[in-house]
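# What the coordinates show
One letter stands for each residue in the lines below.
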Amino acid sequence: MKKTALITGATSGIGLAIAKRFAKEGIDLVLCGRRQERLNELKARLGKKVQVHTLNFDVRNREAVLKVIGSLPSPFDQIDILINNAGNAHGLDPIEDGSLDDWDAMIDINVKGLLYVSKAILPQMVSRKAGHIIHIGSTAGKEVYPRGNVYCASKHAVDAINQGMRIDLNQYGIRVGAVNPGLVETEFSKVRFKGDDTRAETVYKGFQPLLPEDIADIVHFVVTRPYHVNIADLVVMPTAQASSTIVKKTFE
Ligand code: NDP
Ligand code: 8X3
């Protein structure tokens with residue numbers, strides 16, 4: 001049966017790779033992000049393969065989230081798969097030097113934004129007693145690393161929300177799970193280091209990081225399991241990475 005997925009953060013990195021992979025596999029798409037030009041390009045490109053609807057909103061704006069998702073036109077108003085992916089790290093500072101704006105951004109986007117989007121989608125899944133929610137968590141939601149403080153806290157919150165949703169939605173037969181990647185080369189570090197591309201590039205130097213397509217491959221695997229199978233929590237790292245702080249680099 002034809003499915004429709006709503007992907008937040010579809011304009012870049014992991015969300016973009018999932019969008020492309022889903023289009024290739026015939027899954028209709030509702031693609032979300034703030035960069036309209038990229039949404040337009042995606043609609044033009046992926047719209048040749050599947051039905052695509054785009055939504056431009058900031059996940060921090062709860063009125064906007066509820067309004068745009070609540071007024072999705074047919075046939076996009078039935079979301080079978082929700083990929084809660086939008087998010088970023090802002091800054092990498094010891095707690096005593098952390099910026100309040102960075103902290104607000106990470107909590108508001110990674111935690112509250114994810115909740116707003118889920119709140120907007122859940123009623124239709126609950127009433128149909130069907131649906132699949134996948135959270136893009138992180139290894140930062142499994143362990144805390146130096147200077148990761150608030151980003152790690154936001155991803156630990158995603159881990160807790162993933163567990164809580166699975167418990168509360170169990171009675172409706174809705175599948176809930178998380179994919180928690182380690183280091184993936186995307187725009188993530190450019191955002192974290194506020195456009196300092198040289199610093200961002202060094203994060204992924206000297207080893208083979210995960211590619212966004214690796215995560216898309218896993219997410220596609222997760223959504224194509226038979227309905228009685230729910231991948232509840234999956235951690236994936238590059239082979240060169242053993243933990244958030246142990247990465248085998250060729251120059252070290
Ligand atoms: P990117 O920076 O490449 O992508 C982030 C996406 O989130 C963009 O599409 C961006 O779209 C969207 N986004 C960011 N802020 C907002 C906002 N306020 N409102 C709406 N959309 C927003 O990073 P990744 O692809 O790496 O990150 C995706 C997810 O994966 C994040 O949750 C991140 O925490 C997680 N992750 C990343 C890892 C990595 O190493 N890269 C590892 C583990 C987890 P736009 O700017 O157009 O709004
Ligand atoms: C992204 C992985 O280690 O850069 O969530 O925080 S890490």
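First, a word on what this report is: a plain description of the structure on this page. A quick note: this is a predicted structure, and the numbers were derived from the prediction, not measured.

### Details of the packing of aromatic side chains
Aromatic ring pairs are described here by two measures, namely the spacing of the ring centres and the angle between the planes. Applying the stated criterion to the full structure yields one aromatic pair. Seen from the ring of Phe221, Arg225 lies directly overhead, with NZ or CZ sitting 3.9 Å from the centre.

### Some points on the site of ligand 2
Within the structure, ligand 2 sits among Ser138, Ala140, Tyr145, Tyr151, Gly182, Leu183 and Phe188. Here an oxygen atom of ligand 2 sits 2.6 Å away from a polar atom, N or O, in the side chain of Tyr145. In this structure, Tyr151 approaches ligand 2 through a side-chain N or O atom, which is 2.6 Å from an oxygen atom. Relative to its unbound accessible area of 240 Å², ligand 2 is 87% covered by the protein chains.

### Quick word on the site of ligand 1
Surveying the vicinity of ligand 1 reveals 31 residues, the closest of which are Thr11, Ser12, Arg34, Tyr151 and Thr186. Contact distances for ligand 1 include 2.8 Å between an oxygen atom and a backbone N or O atom of Asn85. With the chains in place, 97% of the 890 Å² that ligand 1 exposes on its own is no longer accessible. If you map ligand 1 onto the pockets, it falls in the largest pocket. Elements supplying a minimum of two residues to the shell around ligand 1: α1 (13-24), α5 (149-169) and α6 (188-192). Grouping the amino acids of the shell around ligand 1 by side-chain chemistry returns 13 nonpolar, 12 polar and six charged.

### Quick look at the pairing of strand β5 (residues 132-136)
Each regular strand displays side chains that alternate between the two surfaces of the sheet. Buried residues dominate β5, accounting for five of its five residues. Side-chain alternation along β5 places His132, Ile134 and Ile136 on one buried face and Ile133 and His135 on a second face that is also buried. The pairing of strand β4 (residues 81-84) with β5 spans four bridges and is parallel. From the neighbouring strand, Ile83 faces β5, where its bridge partner is Ile134.

### With respect to α5
For α5, spanning 21 residues, the distance from its first C-alpha to its last is 30 Å, which sits close to the expected 30 Å at 1.5 Å a residue. In this fold, the buried residues of α5 make contact with α4 (100-128), β5, β6 (175-181), α6 and β7 (233-236).

### Describing empty space enclosed by the protein
Tallied over the full model, the rule gives two cavities of 30 Å³ or more. In this model, the largest cavity occupies a volume close to 70 Å³. Around the largest cavity, the lining comprises 14 residues; the ones closest to its centre are His90, Gly91, Asp93, Met106 and Asn149. Elements with a contribution of two residues or more to the lining of the largest cavity: α4 and α5. Approximately 50 Å³ is the volume found for the second largest cavity. As for the second largest cavity, its lining consists of Thr8, Val59, Asn84, Asn85, Ala86, Ile109, Asn110, Gly113, Leu114, Val117 and Lys155. Top contributing element to the lining of the second largest cavity by residue count: α4, with five residues.

The rules we used
- Residues numbered from 1 in each chain as written.
- Chains lettered and ligands numbered in written order.
- Predicted model: local features only at pLDDT ≥ 70, side-chain atom pairs only at ≥ 80, totals over all residues.
- Heavy atoms only, no water.
- Phe/Tyr/Trp six-rings, centres within 6.5 Å; stacked < 30°, edge-to-face > 60°.
- Lys NZ or Arg CZ within 6 Å of the ring centre and 35° of its normal.
- Near = heavy atom within 4 Å.
- Polar contact = N/O pair within 3.5 Å; in protein donor to acceptor, adjacent residues only side chain to side chain.
- Areas by Shrake-Rupley, 256 points an atom, 1.4 Å probe, with all protein chains shown as cover.
- 1 Å grid on protein atoms, 1.4 Å probe; cavity = no way out; pocket = protein on both sides within 12 Å on 5 of 7 lines; lining within 4 Å.
- Sits in = over half its atoms within 2 Å of the grid points.
- Helix = DSSP H or I, 4+ residues; strand = E, 2+ residues; numbered from the N terminus.
- Nonpolar A, V, L, I, M, F, W, Y, C, P; charged D, E, K, R; others polar.
- Buried < 20%, exposed > 50% of the residue type's maximum accessible area, 1.4 Å probe, protein only.
- Pairing = 2+ DSSP bridges.
- Expected span 1.5 Å × (residues − 1).
- Contact = heavy atoms within 4.5 Å.
- Points joined across faces, edges and corners; volume = space filled by probe spheres on them.

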